[in-house]
Amino acid sequence: MMLNIKIYVTTTLLFMTMCCSTAYAAETIYDGQRVYVGDFWGTNPSNIIQAGDSPAGDVLKNPRIQDTSNVINFELTQSFELSNIEITGDRGIHSQLYFVIWKVGQSNPVINTLAIRRKSNKSKAINESLDVGNYQIAIVGECHKQGRYIGWKNNCSQGDGFDDFSFRGIVLNGDDTSNNVNHYRILYNENGTSCAANPILIQACTNGIANGNCAEASVRTTATLHAKKGNKDEVTEFINFTGSKEVSLKKQKSKKLELSLSGINAPYSCNDVPSQNTKCEIKFADSGLVFSYGEDHALNIDSQIAGIEFPDHMNNGQTLYLQAFIKGKKGKKGKKGKCEPVKNETVLVGLGVQCLEPSDCSALDFRAAGNEIAKNKASDKKYSYTDVSLEFNGDGYAEIPSPLYEDAGMIRLIGSIDVKGNAKIKAEGMSNIFPVRPYKFNIVATNGLQEHLTKKTDDKFNYTHIAGADFIFKVEAVNFGGEVTTNYVPSAQVEAKVTRSIPVAGYNGVFNYEIDGTEWPVDWDYVALNFSSGTASTATATYSEVGAFKVNVRDNNYYGESFSVDNGIGTEIGRFIPDHFTLVSSSVDNYIDNIGSSSNSYDYTFPYGLTSYAAGTVVLSGDGKIYQCRPEWDRSKWCRLADYKPGITDHDGNEIWSDAWFLLDASFGITYMEQPALQFDYHLEARNRGDVLTKNYDAVSAKTDIRFVAESGADDLSIRLTDEDGGALSGVYKQTLVSDVGQFSRFKNSGGETIEDGPYSLLFGIGITDKDGVELADMDMSEVDYTLTAKRLSNAPSELRFGRWHIYDGSGPTRTTSSENAFPVTMEVQYYNPNKATGDGFTINEDDSITTFIASGATATISGDASGITLSGCGNASCEFSSGITQALIISSWNPGTAILEYIYTPKWLMPADGEAPSANITFGFFYGNDRVIYRRRLN
């Protein structure tokens, strides 16, 4: 029947009605309360749930409860087949909704679906069975923007707010499936004995007939069990049970009985074979064997673990028993003797094991009493046995010592003994069919050299592997001794989870089992694993991040049993390292940049970041030149097309790139030696094999030595670079993490004297020495022996010059009034250039129009006395050199004589090699008549 379960949001309690019963929620929900708290725009429902970014039209990726106090609780007291979910009394829905239901205490949702577009108060069709139990439901809206569906993000940006809405009730539509029994299952020993109880187990199952498993229905069943010989009932047993019922057939003298069920509304199976395909027959004999288990001699052997001796309920082991019944001798009047148990006797018993699922036994053994027991296929009609000497006690029980099966699967034990006095008559019997599960899953991860990525010494991984590169990954079902249980086949889909272990805090990497495979979840969820001979393996597993991760795998329903790698810790695999470092962008800023219309800096190295290119984007192309995306709107869009790679011609030699890009002229910069004005801007990333940033690569200082290279032709002048530094965060190494600016030092000889040299046209680069051997990609600089060891920071060179501040001598008259005879001092910024024929090798630096000075930075004295001397220039402001020269410093004196003028504020990078401040002699005299000669030392 159709059933609507209504969860009402009222002013008192949230409740659910189903038939005539009422179940109350665990919390109070008030009338019209929104599912989450927040304003209309920018509302963030991640205070209820979190999920991975999910595009529009997709269900939530890996949803999980963030705050259980905000979800809505309800209870199902009957099983239910859910078809859809509706909300009633809704207001303010502007985008698609997500409907997510968890079973209380579980991390994976049982329902994860979307609303119907344009009818968002109702979910899409659902076909999912909900068992009896307590549940939690969350209904949240996706991000939306101006009426467009844009999917889910845990944090919507401004203008892309989570949909804000309210509702009064929830309706779950579907069918009551509490009486939906798929089939009834009859389990029995096909070989019975006339002198012992013969147990029969009957179960009501909701699942299909498969793999010897039964999900018992929580429903009351009334039926009749028939045991017929021909068309005549030998036994009629009325049974009334919920879930399952055990019935015993005792001392049946008939040779063969056929079992059946009547009064039921579903088909039944006989030892997991549909009844229409077989006869449910028990063959009874006066001689036979009966297996039992545990000290209470249960007729059903429980599930066992591969490689471990059968334990009893007290975990003492050695609890498998055998009873032997034989037909007695004829009496005095020729009547048949009674069926008698073997007691107080040691008997040679033939023992065997029969493999049913899979139907063939593997090379692994079944052992008992120190013997390898004979193995039989499911299809065998004549059985093989191994003789074992067993001692039957006074109660008729013989203990089968140390039973152990090394493999997995569904098996049963078989036995045979010769009847006394007649070797042609055998007493035979078999146990119930029971499962043996693997002890655990074993995880194997190896690289191409067969080095185990799980191996550690002193808690450190012995080997490394490249993040994003293929490695061999195996999941082995093994027994207690570590041997692969080759007969293991999952009875259902297995689950797995992957958790980051190194670093403790960081980013979760993506583990892909195969190429183009679905990434494995961070919490338990189903994964695609195909087992063959007990092993699932791939040679193309990858992990995207650096560090290490733990993987755990479990089978939650192997014939009703559960096992995993361990109890949740998992197997750690590592240590993963970057594949390479990539210089994404860089520039060199000099004191003087002759850039004109271009710059040494760029935003990206083409084609990195291709999809984000826009008008004005600057890139370094493969030809080593710098290009800028055109500003025209109808052309700049082509910059995002790889076919328009700047500087590269097409097959016909056409430079189609020029439709999208234009070349920025190459240029160079100038910096004085010792001047802290060399600023390297760089964005260096640690990347995996797939060229994706590894965000967990933080500890650059611990693993990597970053150095900066200064190269002039074949000369390596890197040793003269000082103070350049950087830092790493989330896999990115940047200069912006520090404030100091580097410089190129002046040369000093072994005696410590500063020696004028240069100028040098230098290319600067960045080099890396990594302890794991990770290298920088696309290196184009050689520090030694022409071996490429570094990557350029800019395409254009920088000129490093030995500079000096030079003041020329001068002469002028003394002052006679307050406004006349002010003398402009000539000063130059020069650089050492021995190629110029300038005597001492210094020449004016015509490129410098930015160096400044202030008048108060100079001093002047005559015979040590500064009285009467005035220095001025540019008022209180700084004065600039123009093309390396200035006469903006004004000096005057009331007194005749030679003034010693020094500029004491000279920066260190413009100080002369001797370290003395630049100085000049300014001579002040007077005119004598009209001879136009300035007389020095004239007395009158």
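Conventions we followed
Residues numbered from 1 in each chain as written. Predicted model: local features only at pLDDT ≥ 70, side-chain atom pairs only at ≥ 80, totals over all residues. Heavy atoms only, no water. Helix = DSSP H or I, 4+ residues; strand = E, 2+ residues; numbered from the N terminus. Buried < 20%, exposed > 50% of the residue type's maximum accessible area, 1.4 Å probe, protein only. Contact = heavy atoms within 4.5 Å. Areas by Shrake-Rupley, 256 points an atom, 1.4 Å probe, with all protein chains shown as cover. Pairing = 2+ DSSP bridges. Disulfide = S-S within 2.5 Å. Salt bridge = Lys/Arg side-chain N within 4 Å of Asp/Glu carboxyl O. Core = buried A, V, L, I, M, F, W, Y, C linked by side-chain atoms within 4.5 Å. Polar contact = N/O pair within 3.5 Å; in protein donor to acceptor, adjacent residues only side chain to side chain. Phe/Tyr/Trp six-rings, centres within 6.5 Å; stacked < 30°, edge-to-face > 60°. Lys NZ or Arg CZ within 6 Å of the ring centre and 35° of its normal. Axes fitted to C-alpha atoms, helices over the stretch in contact; angles between N-to-C directions. pLDDT = per-residue confidence, 0-100.

A. Just the overall build of the chain, in detail. Helix and strand counts for the chain stand at 2 helices and 82 strands. Residues classed as buried in the chain amount to 47% of the 940 residues present. Put simply, 68% of the contacts in the chain that link residues at least 6 apart link residues at least 24 apart. By element, 46% of the accessible surface of the chain is carried by carbon and sulfur atoms, the whole surface being about 44,700 Å².

B. Just the sheet that holds strand E18 (residues 197-205), in detail. Across the sheet, which stays open at both edges, the 5 strands sit in the order E21-E18-E16-E23-E24 with mixed pairing between neighbours. At either margin of the open sheet sits one strand with a lone partner, and together these are strand E21 (244-250) and strand E24 (273-274).

C. Structural detail: the state of the cysteines. If you walk through the whole model with that rule in mind, you get 4 disulfides. Between Cys629 and Cys639 runs a disulfide, and the two sulfur atoms are separated by 2.1 Å. Looking along the S-S bond of the Cys629-Cys639 disulfide, the torsion reads about 100 degrees, which is the right-handed sense. Taken together, the residues Cys629 in strand E55 (residues 626-629) and Cys639 in the loop between helix H1 (633-636) and strand E56 (661-663) connect sequence positions 10 residues apart. Comparing Cys629 with Cys639 shows no difference in burial state: the two are buried.

D. Structural view of the pairing of strand E38 (residues 434-437). With burial as the criterion, each face of E38 is covered, one bearing Phe434 and Val436 and the other bearing Pro435 and Arg437. Pairing analysis gives 2 bridges linking strand E27 (residues 304-305) to E38, with the strands arranged parallel. For Ile305, the partnering residue across the bridge sits in E38 and is Arg437.

E. Geometry of the environment of Leu449. Mapped onto the secondary structure, Leu449 falls in the loop between strand E39 (440-446) and strand E40 (456-457). Here Leu449 falls in the exposed class, since its relative accessible area comes to 66%. With 22 residues separating them along the chain, Leu449 and Phe471 place their C-alpha atoms 9.9 Å apart.

F. Structural context of the pattern of salt bridges. On inspection of all chains with the given rule, the structure shows 19 salt bridges. Between Asp757 and Arg720 there is a salt bridge, and its shortest N-O distance comes to 2.8 Å. Here Asp757 is found in the loop between strand E66 (754-755) and strand E67 (760-770), whereas its partner Arg720 is found in the loop between strand E60 (715-716) and strand E61 (721-722), with 37 residues between them in sequence. For the pair formed by Asp757 and Arg720, the shared burial category is buried. Between Asp840 and Arg804 there is a salt bridge; the shortest N-O distance is 2.7 Å.

G. Main features of unusual backbone geometry. For the bond from Gly574 to Arg575, the omega torsion is -15 degrees, close enough to zero to count as cis. Along the polypeptide, Arg575 turns up in strand E50 (residues 571-577). The omega angle of the peptide bond from Gly758 to Pro759 is -5 degrees, so this bond is cis rather than trans. Among the structural elements, Pro759 can be located in the loop between E66 and E67. Despite not being glycine, Ser402 shows a phi value in the positive range, around 50 degrees. Structurally, Ser402 can be placed in the loop between strand E34 (398-400) and strand E35 (404-405).

H. Structural detail: the nonpolar core. Counting residues in each nonpolar core, the largest one holds 69 residues, and the members touching the most others are Phe473 and Trp520. With 5 residues, the top contributor of residues to this core is E67. Excluding its chain neighbours within four sequence positions, the residues that come into contact with Trp520 are Phe473, Ala496, Val498, Phe511, Tyr513, Val527, Leu529, Val551 and Val553. If you look at the next biggest cluster of nonpolar residues, it comprises 31 residues, including Val388, Tyr405, Ile411 and Ile417.

I. Seen up close, the side chain of Thr538. Tracing the backbone shows Thr538 in strand E47 (residues 535-543). Looking at Thr538, its side chain comes within polar contact range of the main-chain oxygen of Tyr513, at 3.3 Å. Non-local contacts of Thr538, meaning those with residues more than four positions away in its chain, are made with Phe471, Ile472, Phe473, Tyr513 and Glu514.

J. Local environment of the packing of aromatic side chains. As enumerated under the stated definition, the model contains 46 aromatic pairs in all. When the centroid spacing of 6.0 Å and the interplanar angle of 85 degrees are considered together, the rings of Phe473 and Tyr513 count as edge-to-face. With Phe473 in strand E43 (residues 471-478) and Tyr513 in the loop between strand E45 (511-512) and strand E46 (525-526), the pair connects residues that are 40 residues apart, well separated along the chain. Residue Phe473 is classed as buried on the basis of its relative accessible area of 0%. A ring pair is formed by Tyr682 and Phe708, whose centres lie 5.3 Å apart and whose planes are at 45 degrees; its orientation type is tilted. Linking Tyr682 in strand E58 (residues 679-687) with Phe708 in strand E59 (residues 704-712), this pair joins segments that are 26 residues apart in sequence. An aromatic cluster is present here, built from Phe471, Phe473, Phe511, Tyr513, Trp520, Tyr543, Phe549 and Phe576 joined pairwise through their rings. It is Lys456 that lies over the ring of Phe461; its NZ or CZ is 4.7 Å from the centre. Over the aromatic face of Trp524 sits the side chain of Arg554, whose NZ or CZ is 4.0 Å from the ring centroid.

K. Just the sheet that holds strand E82 (residues 919-925), in detail. Spatially, the 4 strands line up as an open sheet ordered E73-E82-E81-E77, and their pairing is mixed. Of all the strands in the sheet, the pair left with one neighbour each is strand E73 (810-813) and strand E77 (858-862). Here the strands of the sheet are splayed against their neighbours by 25 degrees on average, with no regard to which way each runs. Bridging between E73 and E82 involves 4 bridges; their strand directions are parallel. Opposite Pro813, over in E82, you have Gly925 as the bridge partner.

L. Quick look at the environment of Glu916. By secondary structure assignment, the location of Glu916 is in the loop between strand E81 (897-903) and E82. You can call Glu916 exposed: its relative accessible area is 52%. Expressed as a C-alpha distance, the spacing of Glu916 and Glu902, which sit 14 residues apart in the sequence, is 9.5 Å.

M. Seen up close, the pairing of strand E72 (residues 803-807). When you tally the buried positions in E72, you get 4 out of 5 residues, the bulk of the element. Of the strand pairs in this sheet, E72 and strand E74 (residues 823-832) are connected by 5 bridges, and their pairing is antiparallel. Residue pairing across strands places Arg804 opposite Gln830, the latter belonging to E74.

N. Looking closely at the confidence of the model for the chain. Of all residues in the chain, 84% attain a pLDDT of 70 or more, and the chain-wide mean is 82. In this model, residues 331-335 is a region of pLDDT below 50 whose contacts with residues beyond four sequence positions or in other chains number 1 contact.

O. Representation of the environment of Gly415 in the model. With respect to the secondary-structure elements, Gly415 resides in strand E36 (residues 409-419). Dropping the residues within four chain positions of it, Gly415 is found in contact with Leu289, Phe291, Gly350, Tyr385, Ala427, Glu428 and Gly429.

P. The side chain of Asn84, seen in detail. Checked against the element boundaries, Asn84 lands in strand E7 (residues 80-88). Among the polar contacts made by the side chain of Asn84, one reaches the side chain of Asn173 at a distance of 2.5 Å. In contact with Asn84, other than residues within four places in its own chain, are Lys122, Ser123, Lys124, Ile126, Val171, Leu172 and Asn173.

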